[in-house]
Amino acid sequence: MRLLPLILTSLGMKYWLMKSEPSTFGIDDLINKPAQTEHWDGVRNYQARNMMRDDMKVGDRSFFYHSNCELPGIVGIMEIVREGYPDFTQFDPGNVHFDPKSKRENPTWMMVDVKFVRKLSRTISLQELKQVPELAELALVRRGNRLSVMSVTEQEWDLILALE
DNA sequence: GCCAACGTTGGC
DNA sequence: GCCAACGTTGGC
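Residues numbered from 1 in each chain as written. Chains lettered and ligands numbered in written order. Predicted model: local features only at pLDDT ≥ 70, side-chain atom pairs only at ≥ 80, totals over all residues. Heavy atoms only, no water.

**Some words on the packing of aromatic side chains**
To describe a pair of aromatic rings, you give the distance between the ring centres and the angle between the ring planes.
Here is step 1 of the chain: This model, assessed by the stated rule, comprises six aromatic pairs.
Here is step 2 of the chain: Measuring from centroid to centroid gives 5.3 Å for Trp 40 and Phe 64, while their planes differ by 80 degrees, and the two rings are edge-to-face. Of this pair, Trp 40 sits in the loop between β2 (37-39) and α4 (46-55) while Phe 64 is found in strand β3 (residues 61-66), placing the two residues 24 residues apart along the sequence.
Here is step 3 of the chain: Judged by its relative accessible area of 6%, Trp 40 falls in the buried class.
Here is step 4 of the chain: Judged by its relative accessible area of 0%, Phe 64 is buried.
Here is step 5 of the chain: Aromatic pair Tyr 46 and Trp 109: ring centres 4.7 Å apart, planes at 40 degrees, arrangement tilted. Pair noted here: Tyr 46 is in helix α4 and Trp 109 is in the loop between β4 (73-86) and β5 (110-125), with a separation of 63 residues, a long-range link.
Here is step 6 of the chain: Above the ring of Tyr 85, the side-chain terminus of Arg 82 is found at 3.4 Å from the ring centroid. (Phe/Tyr/Trp six-rings, centres within 6.5 Å; stacked < 30°, edge-to-face > 60°. Helix = DSSP H or I, 4+ residues; strand = E, 2+ residues; numbered from the N terminus. Buried < 20%, exposed > 50% of the residue type's maximum accessible area, 1.4 Å probe, protein only. Lys NZ or Arg CZ within 6 Å of the ring centre and 35° of its normal.)

Below, the structure written as structure tokens:
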């Protein structure tokens, strides 16, 4: 029976939020990729790396967050379509994310592949998210938090989408 | 462009 | 293992 594992997988679906600067790679860039799919390279933070390596599974959903821009906020939804594998940019001396200390036989940095699901009807801004008391525990709105990949609970996910 | 808040590095 | 210096993130 193949159905049971499928159901269990579905029940265990997790939710995430991933940041990107739209001047570098925004949601429209994802839409324009072949199959609307792209690897999420360039994460150079161990906590974020661990989540991509250990916890993100195919089928999980993630918010696409625009950071460091005119209106920082959540702009869309994507799906994880490939689980953690080595981020090739760490080996490329010409890449801004090159890491000379990382070895091919034991890569330091991981990435996942994401696929565009949909845009939100509007940007749900950081400012707006900060004003929702039920979202106070969300890493995004906590003071000084700079994690570029973070988990979102199902309750938080639903609450955020209800703002749309 | 400023700068607070972090994470990382490296001397000791 | 401490911690000062430094680099980065990212809101504003």
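**Here's the deal with the protein's contact with DNA strand B**
Here is step 1 of the chain: For DNA strand B, the full set of nearby residues is Tyr 46, Lys 101, Arg 143, Gly 144 and Arg 146.
Here is step 2 of the chain: Near-protein atoms of DNA strand B (within 4 Å) split between backbone and bases, with sugar and phosphate holding 68%.
Here is step 3 of the chain: Side-chain polar atom of Lys 101 to a phosphate oxygen of DNA strand B: 2.4 Å apart, as the coordinates give it.
Here is step 4 of the chain: Among the residues making up the surface near DNA strand B, the classes are represented as one nonpolar, one polar and three charged. (Near = heavy atom within 4 Å. Polar contact = N/O pair within 3.5 Å; in protein donor to acceptor, adjacent residues only side chain to side chain. Nonpolar A, V, L, I, M, F, W, Y, C, P; charged D, E, K, R; others polar.)

**Here we look at the protein's contact with DNA strand C**
Here is step 1 of the chain: Near DNA strand C, the surroundings consist of Lys 19, Tyr 65, Ser 67, Asn 68, Pro 72, Leu 126, Lys 130, Arg 146 and Leu 147.
Here is step 2 of the chain: Protein-proximal atoms of DNA strand C, defined as those within 4 Å of the protein, fall in sugar or phosphate at a share of 73%.
Here is step 3 of the chain: The side chain of Tyr 65 places a nitrogen or oxygen atom 2.7 Å from a phosphate oxygen of DNA strand C.
Here is step 4 of the chain: A distance of 2.9 Å separates a phosphate oxygen of DNA strand C from a polar atom in the side chain of Lys 130.
Here is step 5 of the chain: A per-class count over the surface near DNA strand C returns four nonpolar, two polar and three charged.

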